[in-house]
Amino acid sequence: DGLAAFRTFLKSEFSEENVEFWLACEDFKKTKSSTKIALKAQKIYSDFIRADAPKEINIDFHTKNDISQNISEPTLSCFDDAQRLIYSLMAKDSFPRFLRSEVYKELVKKHQDRNQKRWLPFL
């Protein structure tokens, strides 16, 4: 529920690409097959990294350039620097705003109501 609420909040701010990129990287790091590593790396690169990507993330030129140079022979760690940057951006910027948002307040209220009903079945 929390992830869904955070994604809804990011969509409202037009920045859902950050969490989508982070999740894609987490999935990518679990990939075992070298063929799938190459395919998933290309997909992440074309969706989030390359210039004019449909969900282009906001990372510095140096990080983007390093990925572009190494994407032809990707490793499971090829997006780590970019993923750290995006995580940091979300932690410092998006997530604190999310915690102050109505979306978050509604999520907390829903879970409080659910927990209260679970522990107080006579209500």
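Residues numbered from 1 in each chain as written. Predicted model: local features only at pLDDT ≥ 70, side-chain atom pairs only at ≥ 80, totals over all residues. Heavy atoms only, no water.

The protein chain appears in an unreviewed UniProt entry as RGS21 protein from Formicarius rufipectus.

(A) Expanded view of the packing of aromatic side chains. The final tally for this structure, using the stated rule, is nine aromatic pairs. Judged by centre distance (6.4 Å) and plane angle (90°), the rings of F21 and F79 are edge-to-face. Taken together, the residues F21 in helix 2 (residues 16-28) and F79 in the loop between helix 4 (61-70) and helix 5 (80-99) connect sequence positions 58 residues apart. On the basis of relative accessibility, which here comes to 0%, the residue F21 falls in the buried class. Counting every residue linked through ring pairs, the aromatic cluster contains F6, F9, F95, F98 and Y104. (Phe/Tyr/Trp six-rings, centres within 6.5 Å; stacked < 30°, edge-to-face > 60°. Helix = DSSP H or I, 4+ residues; strand = E, 2+ residues; numbered from the N terminus. Buried < 20%, exposed > 50% of the residue type's maximum accessible area, 1.4 Å probe, protein only.)

(B) Representation of the UniProt feature "domain: RGS" (unreviewed entry) in the protein chain in the model. Residues annotated by UniProt as "domain: RGS" (unreviewed entry) correspond here to residues 1-108. Helix and strand shares over residues 1-108 are 71% and 0% respectively, and the end C-alpha atoms of the span are 10 Å apart. (UniProt positions renumbered as here; feature names shortened; annotations may be inferred.)

(C) Just the nonpolar core, in detail. Counting residues in hydrophobic clusters, the biggest one holds 26 residues, and the most contacted among them are F21, I49 and F79. If one sorts the elements of this core by residue count, helix 3 (residues 34-49) sits on top with six residues. Here F21 is in contact with I44, F48, I49, I57, F79, A82, Q83 and I86, once residues within four sequence places are set aside. (Core = buried A, V, L, I, M, F, W, Y, C linked by side-chain atoms within 4.5 Å. Contact = heavy atoms within 4.5 Å.)

(D) Focus on the packing of helix 2 against helix 3. Their axes nearest at 11 Å, the elements helix 2 and helix 3 cross at an angle of 170°. Taken together, the axis directions place helix 2 and helix 3 in an arrangement best described as roughly antiparallel. Contact residues: helix 2 offers E17, E20, F21, A24, C25, D27 and F28, while helix 3 offers I37, K40, A41, I44, F48 and I49. Of the residues belonging to the contact of helix 2 with helix 3, the class tally is nine nonpolar, no polar and four charged. (Axes fitted to C-alpha atoms, helices over the stretch in contact; angles between N-to-C directions. Parallel < 35°, antiparallel > 145°, perpendicular 65-115°, else oblique. Nonpolar A, V, L, I, M, F, W, Y, C, P; charged D, E, K, R; others polar.)

(E) Up close: the packing of helix 1 (residues 2-12) against helix 5. Packing of helix 1 against helix 5 leaves a shortest axis separation of 10 Å and a crossing angle of 95°. The pairing of helix 1 with helix 5 is recorded here as roughly perpendicular in orientation. Between helix 1, through G2, A5, F6, F9 and L10, and helix 5, the contact on the second element is made entirely by M90, S94, F95, R97 and F98. The residue inventory of the contact of helix 1 with helix 5, partitioned by class, reads seven nonpolar, two polar and one charged.

(F) Just unusual backbone geometry, in detail. The phi angle at F14 is positive, at roughly 60°, despite the residue not being glycine. Assignment of secondary structure puts F14 in the loop between helix 1 and helix 2. Among the residues examined, F14 registers a relative accessible area of 71% and is labelled exposed. You will see that D52, though not glycine, has its phi angle at about 65°, which is positive. Residue placement: D52 occurs in the loop between helix 3 and helix 4.

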